[in-house]
Amino acid sequence: MASLTVTDDQVGANTKAKVVQPAWVRVMHWINALAMILMILSGWQIYNASPLFDFRFPREYTLGGWLGGGLLWHFAAMWLLMINGLAYLVTGIATGRFRKKLLPITASGVLHDVRAALTFKLGHDDLTVYKYVQRLLYAGILVVAILIVLSGLAMWKPVQLYYLVMLFGDYPAARYVHFFCMAAICAFLVVHVLLALLVPKSLRAMIIGR
Amino acid sequence: MAKRPFLIPGVDKRLLIKDSIKTMPDLARRRFIAGGASLGALTLLTGCDVIDSSSAETMLAKVSKFNDAVQAWMFNPDALAPTFPESAITKPFPFNAYYDLDDAPDIAAADWKLEVRGLVDNKKSWTLEELYKLPQVTQITRHICVEGWSAIGSWTGTPLRDFLKLIGADTRAQYVWFQCADKDGYNSPLDMRSALHPQTQMTFKYANEILPRAYGFPMKIRVPTKLGFKNPKYVISMEVTNDYKGGYWEDQGYNSFSGS
């Protein structure tokens with residue numbers, strides 16, 4: 001009676017039409033994508049004025065034309081990023097979405113997913129359930145996002161928000177934290193975009209919801 | 001829709017902007033803050049009206065003004081910039097300006113006078129000798145540059161608020177506007193609340209020595225609650241005013257409040 005045995009795949013197929021990404025997630029995701037790109041490109045412009053390391057970002061990938069322009073973009077886009085990000089966190093917690101989608105994260109689950117992915121056995125039938133690796137990355141990037149905003153605020157207002165500077169040690173340390181958070185976000189972006197392209201229906205879900 | 005009637009049909013306005021930028025002198029190019037010139041912006045914003053340099057520039061200028069207001073609201077006149085022990089001082093303390101050290105103003109102490117203008121009771125000019133007689137304090141604070149780097153230095157001088165009281169300045173005025181001796185006429189407005197901050201100082205000494213030429217001899221205004229470019233060097237006059245008179249970098253697009 002094989003036909004009566006319900007497999008995970010069939011459940012996935014039956015629920016395929018249900019909403020994977022509710023409207024608020026989609027709207028905030030794309031606002032965040034725009035804000036993030038503006039912040040990164042203008043941030044590279046600012047970085048170039050006084051590099052922390054022995055390299056500069058190519059001019060073609062910077063926003064603003066010069067330091068002053070980069071700063072204007074950065075401190076304009078920060079409002080978009082912060083207001084949208086805050087709304088996302090509040091809604092994510094209030095609706096229980098974070099808890100439902102991102103928890104639990106177990107070491108064995110993550111290891112299992114990594115092994116399955118490396119042997120090409122990781123399925124993508126039900127987009128509504130995040131894999132353990134996905135959960136880990138999405139939860140991790142939320143932490144990075146909070147850190148990059150806090151270190152950014154510390155650098156913007158090192159006197160008024162002195163306690164934030166203390167959190168990172170001192171002003172130069174906050175700069176390094178800000179930089180490495182940016183690097184982590186860029187690395188995340190590469191993987192995130194690549195995987196979205198490999199599983200196009202996930203991209204579709206982020207646009208039309210299902 | 002005839003919003004931009006001067007555009008020639010069939011001409012790609014992005015390329016037009018790009019080409020015209022090439023013909024701009026460097027300073028004008030710098031002032032072209034919209035970033036419509038950078039490929040990053042072009043690829044990102046293609047098709048958006050925001051690519052239009054003037055509308056982007058207007059939008060960014062508005063947000064910058066809004067940020068001025070937010071920062072003024074956040075400014076706590078009692079919040080002190082952290083101070084450091086002498087061992088924390090950055091050596092050598094960097095020289096930084098839009099010109100080389102060789103081109104920095106070379107002022108003879110005897111010829112110099114601090115001019116006082118605007119909403120003050122006593123408009124007399126001050127010689128260096130007279131200023132040196134005022135009570136001085138030393139503070140070791142972090143100088144943070146708009147470029148991102150920072151350095152800790154030791155500055156000695158008279159709290160600006162004491163001097164403003166001494167000359168009978170109207171402290172209800174909006175700004176103290178400083179002018180400097182360098183050839184391009186550096187100037188910068190300082191909002192009155194920052195001017196009255198206890199750590200804002202008319203600086204005459206660096207590391208307990210008479211302020212060297214590199215750091216702004218004979219007088220610098222040290223404002224540890226502002227970014228470095230709001231700390232004018234080689235100051236020759238101050239004006240207490242309600243008018244926003246702009247500043248060397250502020251006019252080019254640096255945020256005017258730039259408080260830390």
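Student: What is the right way to read the overall build of chain B from this model?
Tutor: When helices and strands are counted, chain B shows seven helices and ten strands. The buried share among the 260 residues of chain B stands at 50%. Long-range contacts, defined as pairs at least 24 residues apart, comprise 67% of the intrachain contacts of chain B with a sequence gap of at least 6. Element-wise, carbon and sulfur atoms account for 55% of the exposed surface of chain B, whose accessible area totals about 12400 Å².

Student: Please explain the overall build of chain A as it appears in this structure.
Tutor: The helix and strand inventory of chain A stands at nine helices and zero strands. The linear arrangement of helices and strands in chain A, starting from the amino end, is α-α-α-α-α-α-α-α-α. Within the span of chain A, comprising 210 residues, buried residues form 40% of the whole. Of the contacts formed within chain A by residues at least 6 apart in sequence, a portion of 66% connects residues at least 24 apart. With an accessible surface of roughly 11500 Å², chain A has 72% of that area assigned to carbon and sulfur atoms.

Student: Looking at this model, I keep getting lost on the confidence of the model for chain B. Mind explaining?
Tutor: All names here are of chain B. Across chain B, pLDDT averages 86, with 80% of residues at or above 70. Here residues 1-7 scores under 50 on pLDDT; set against residues more than four positions off or in separate chains, the count is five contacts. Below pLDDT 50 for its whole length, residues 28-37 participates in 34 contacts with residues either more than four positions away or in separate chains.

Student: What exactly am I supposed to notice about the interface of chain B and chain A here?
Tutor: A common way to report how large an interface is uses the accessible area buried once the components associate. At the interface, 43 residues of chain B touch 33 residues of chain A. When chain B packs against chain A, close to 3100 Å² is buried across both sides, 71% of that on carbon and sulfur atoms. Summed over the shared surface of chain B and chain A, the number is one salt bridge. D170(A) is the salt-bridge partner of R142(B), the closest N and O atoms lying 4.0 Å from each other. The interface formed by chain B and chain A contains six residue pairs in polar contact (both at pLDDT 80 or more).

Student: Whenever I open this one, the environment of I152(B) confuses me. Can you help?
Tutor: All names here are of chain B. The topology assignment puts I152 in strand β4 (residues 150-159). Sequence separation between I152 and I140 is twelve residues, and the spatial gap between their C-alpha atoms is 6.8 Å. Leaving out residues up to four positions away in the same chain, I152 has contacts with F84, A88, I89, T90, F93, I140, T141, R142 and Y206.

Student: What's the story with the pairing of strand β3 (residues 137-144) of chain B in this structure? I'm lost.
Tutor: Looking down a regular strand, the side chains alternate between one sheet face and the other. Residue and element names in this part refer to chain B. β3 sits mainly inside the fold: six of its eight residues count as buried. Across eight bridges, the pairing between β3 and β4 is antiparallel. When the bridges of β4 are listed, T141 appears paired with G153. With antiparallel pairing between neighbouring strands as the criterion, β3 and β4 make up a hairpin whose turn holds five residues, including G148 at a positive phi of roughly 120°.

Student: I keep staring at the nonpolar core and nothing clicks. Help me out?
Tutor: Soluble globular proteins: nonpolar side chains tend toward being buried together. One finds L114(B), L131(B), F163(B), L164(B), M202(B), M219(B) and M238(B) to be the most contacted residues of the largest nonpolar core, which totals 58 residues. For L164(B), the contacting residues outside a window of four places in its chain are A169(B), V176(B), M192(B), A195(B), L196(B), M238(B) and V240(B).

Student: What am I meant to see in the sheet that holds strand β5 (residues 175-180) of chain B here?
Tutor: Strand-to-strand pairing in sheets goes through backbone hydrogen bonds, with the strands running parallel or antiparallel. Residues and elements named next belong to chain B. The five strands lie next to each other as β2-β1-β10-β5-β6, forming an open sheet whose pairing is mixed. In this open sheet, the two strands that pair with only one neighbour each are β2 (126-127) and β6 (187-191). Bridge count for β5 against β6 is five bridges, and the pairing is antiparallel. Within β6, the position partnered with Q179 by the bridge is N187.

Student: Explanation requested: the packing of aromatic side chains in the structure shown.
Tutor: In this description, an aromatic ring pair is defined by two values, namely the gap between the centres and the angle between the planes. Counted by the stated rule, this structure contains 37 aromatic pairs over all chains. Measuring from ring centre to ring centre gives 5.3 Å for F93(B) and W155(B), while their planes differ by 90°; the resulting arrangement is edge-to-face. Note that F93(B) is positioned in the loop between α4 (53-74) and β1 (113-118) and W155(B) in strand β4, a separation of 62 residues in sequence. Here F93(B) falls in the buried class, since its relative accessible area comes to 9%. Among the aromatic residues, those joined into a ring-pair cluster are W66(A), F95(B), Y98(B), Y99(B), Y186(B), F229(B), Y248(B), W249(B) and Y254(B). In this structure, K226(B) packs its charged tip against the face of F257(B), placed 3.4 Å from the ring centre.

Student: Any chance you could explain the pattern of salt bridges here in plain terms?
Tutor: Charged atoms that come close allow side chains of opposite charge to pair. All names here are of chain B. Summed over the entire model, instances satisfying the criterion amount to eight salt bridges over all chains. The salt bridge involving K230 is made with E250; its shortest N-O contact spans 3.0 Å. With K230 in the loop between β9 (220-222) and β10 (235-241) and E250 in the segment after β10, this pair connects stretches of sequence that are 20 residues apart. In this structure K230 comes out as buried when scored by relative accessible area, which is 3%.

Student: Explain the side chain of E250(B) to me, please; I cannot follow it from the model alone.
Tutor: With relative accessibility at 8%, the residue E250(B) sits in the buried group. Residues in contact with E250(B), not counting those within four places in the same chain, are N187(B), S188(B), P189(B), F229(B), K230(B), Y244(B) and S256(B).

Student: Would you mind going over the environment of D113(A) with me for this structure?
Tutor: Residue and element names in this part refer to chain A. Tracing the sequence through the fold places D113 in helix α5 (residues 107-118). The exposure class of D113 is buried, given its relative accessible area of 5%. With 20 residues separating them along the chain, D113 and V133 place their C-alpha atoms 6.3 Å apart. Contacts of D113, omitting those with residues within four sequence positions, involve L122, K131, Y132 and V133. Within polar-contact distance, the side chain of D113 engages the backbone nitrogen of V133 at 3.4 Å.

Student: Hey, could you run me through helix α3 (residues 67-94) of chain A in this one?
Tutor: Along an α-helix, residues three or four positions apart point the same way, because every turn accommodates 3.6 residues. Relative to the 40 Å expected for 28 residues at 1.5 Å per residue, α3(A) spans 39 Å between its end C-alpha atoms, a close match to the ideal helical length. In the stretch just after α3(A), G96(A) is the one whose phi turns positive, near 80°.

Student: Explain the side chain of S50(A) to me, please; I cannot follow it from the model alone.
Tutor: Among the structural elements, S50(A) can be located in the loop between α2 (23-49) and α3. Among the residues examined, S50(A) registers a relative accessible area of 10% and is labelled buried. Residues in contact with S50(A), not counting those within four places in the same chain, are R175(A), E147(B) and W149(B).

Rules of the game
Residues numbered from 1 in each chain as written. Chains lettered and ligands numbered in written order. Predicted model: local features only at pLDDT ≥ 70, side-chain atom pairs only at ≥ 80, totals over all residues. Heavy atoms only, no water. Helix = DSSP H or I, 4+ residues; strand = E, 2+ residues; numbered from the N terminus. Buried < 20%, exposed > 50% of the residue type's maximum accessible area, 1.4 Å probe, protein only. Contact = heavy atoms within 4.5 Å. Areas by Shrake-Rupley, 256 points an atom, 1.4 Å probe, with all protein chains shown as cover. pLDDT = per-residue confidence, 0-100. Buried area = accessible area lost by both parts, 1.4 Å probe. Salt bridge = Lys/Arg side-chain N within 4 Å of Asp/Glu carboxyl O. Polar contact = N/O pair within 3.5 Å; in protein donor to acceptor, adjacent residues only side chain to side chain. Pairing = 2+ DSSP bridges. Core = buried A, V, L, I, M, F, W, Y, C linked by side-chain atoms within 4.5 Å. Phe/Tyr/Trp six-rings, centres within 6.5 Å; stacked < 30°, edge-to-face > 60°. Lys NZ or Arg CZ within 6 Å of the ring centre and 35° of its normal. Expected span 1.5 Å × (residues − 1).

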